[in-house]
Amino acid sequence: MGSTKGTFQDEELAPGIVPPSMPSHHHLRFKTYLFILLVIIFSPLGNVLLSTGMKQAGPLSISTPSGVFHAFVQVFTTPVIWLGIASLIAYFISYMLVLSWADYSYVQPATAMGYVIVALLGRFALHETVTPLRWIGIAIIFLGVVTVGQTPPRTTGHH
Amino acid sequence: MFKELVLIFLIVVAGTGGELCVTRAMKKIGEVKDFRPGALLRTIFRVLGIGWMWIGVGLMAIAFFSLLAMLSLENVSFVVPVTALNYVAGAIGGKFFLGENVMGRRWAGVLLVCIGVTCVFFSRR
């Protein structure tokens, strides 16, 4: 990926002057939004697939060691579970990358958008019953997310 | 009901604790700027050498299995919004464990999330 930043590195700097290493505010915001988008696609998708898989696996008993073993076998031989895990791995990698430059307390709430999408998928793809109170709760969570999203992505110093 | 509450607690506390540890490890690596496969692979190997990453991944594994157990008991449209309690734990952890400046506006957002989660919780059956 080519660098779209300034060309400070190419210029000759006086001794003792540290070249600016922070990308422009704009660039940082775009990159952050892009990765948050990946996070909010893969996270709900993974959760919905896991939910489907766990319901396919049926009731599990984990009160005895052999029960735990059987539960593991039952869960990990369900193909949909593996699709869910693959989706969550894609989510996790995107999430880790964005956390390398953006504040945790900024990124984490921003990804809550995915928690809203998961409710829509639950209702329309899995035909779950979502009561009005639950929709209200989800809408308030969404408002909370938007509020947090309007704060700057990084508040700590960079070295 | 007791089983569900324990699982929610594990999902939120182990999940957020794990993410805080992972963030600490990733901040040690520094901003990832090179997204070519070779460079990403090198980044992954450097990450694996940081202790916080292993603690983080362990905690996230606990949260993951708790989530699986919860999803076998309840609807996904209930489970996932309730785990939004992560935001409360995240703002507190971001402030005290990572030294981030959690501002008034972020706290307001976190409070809204709390109210929303409460509504979702009481919508259970």
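Criteria and cut-off values
Residues numbered from 1 in each chain as written. Chains lettered and ligands numbered in written order. Predicted model: local features only at pLDDT ≥ 70, side-chain atom pairs only at ≥ 80, totals over all residues. Helix = DSSP H or I, 4+ residues; strand = E, 2+ residues; numbered from the N terminus. Buried ≥ 20, exposed ≤ 12 C-beta atoms within 10 Å, placed from the backbone. Contact = placed C-beta atoms within 7 Å. Nonpolar A, V, L, I, M, F, W, Y, C, P; charged D, E, K, R; others polar. pLDDT = per-residue confidence, 0-100. Axes fitted to C-alpha atoms, helices over the stretch in contact; angles between N-to-C directions. Parallel < 35°, antiparallel > 145°, perpendicular 65-115°, else oblique. Left-handed = near helix turned anticlockwise from the far one by under 90°. Core = buried A, V, L, I, M, F, W, Y, C linked by C-beta atoms within 7 Å.

What to know about the overall build of chain A
The helix and strand tally for chain A stands at six helices and zero strands. When its helices and strands are written in sequence order, chain A yields α-α-α-α-α-α. For chain A, buried positions account for 37% of its 159 residues. Sequence separation of at least 24 residues holds for 76% of the intrachain contacts in chain A that already meet a minimum separation of 6.

Description of the interface of chain A and chain B
Counting residues at the interface gives 46 residues for chain A, matched by 44 residues for chain B. Those elements that place two or more of their residues in the side of chain A that touches chain B are helix H1 (25-57), helix H3 (79-99), helix H4 (104-110), helix H5 (113-124) and helix H6 (132-149) of chain A. At twelve residues, the largest contribution of residues to the side of chain A that touches chain B is made by H6 of chain A. For the side of chain A that touches chain B, the per-class residue count stands at 27 nonpolar, 14 polar and five charged.

A few points about the confidence of the model for chain B
On average, residues of chain B score 87 in pLDDT, and 99% of them reach the 70 mark or higher. Complex prediction metrics read pTM 0.72 and ipTM 0.72.

Some remarks on the environment of Leu59 of chain B
Residues and elements named next belong to chain B. Turning to its location among the elements, Leu59 is positioned in helix H3 (residues 51-73). Residue classification places Leu59 among the buried residues on the basis of 21 C-beta atoms within 10 Å. In this structure, the C-alpha to C-alpha distance between Leu59 and Gly18, residues 41 residues apart in sequence, is 4.8 Å. In this structure, Leu59 is in contact with Ala14, Gly17, Gly18 and Cys21, ignoring residues within four places of it in sequence.

Some points on the packing of helix H1 (residues 2-29) of chain B against helix H5 (residues 86-96) of chain B
All names here are of chain B. The N-to-C vectors of H1 and H5 enclose an angle of 40°; their axes lie 9 Å apart at closest approach. With respect to each other, H1 and H5 are oriented oblique. Handedness of the crossing formed by H1 with H5: right-handed. Contacts between H1 and H5 involve Val12, Val13, Gly15, Thr16 and Leu20 from the former and Asn86, Ala89, Gly90 and Gly93 from the latter. Class assignment of the residues belonging to the contact of H1 with H5 gives a composition of four nonpolar, five polar and no charged.

Some details on the nonpolar core
The biggest cluster of nonpolar side chains holds 70 residues, and the ones touching the most others in it are Val39, Val98, Leu99 and Ile141 of chain A together with Leu71, Val82 and Ala84 of chain B. No other element matches H1 of chain A, which puts eleven residues into this core. Excluding its chain neighbours within four sequence positions, the residues that come into contact with Val82 of chain B are Ile8, Val117, Val120 and Phe121 of chain B.

Quick notes on the packing of H1 of chain A against H3 of chain A
Residues and elements named next belong to chain A. At a minimum axis distance of 7 Å, the contact between H1 and H3 shows a crossing angle of 155°. Classed by the angle they form, the pair H1 and H3 counts as roughly antiparallel. With respect to the hand of their crossing, H1 and H3 are arranged in left-handed fashion. The class makeup of the residues in the contact of H1 with H3 is 17 nonpolar, nine polar and no charged.

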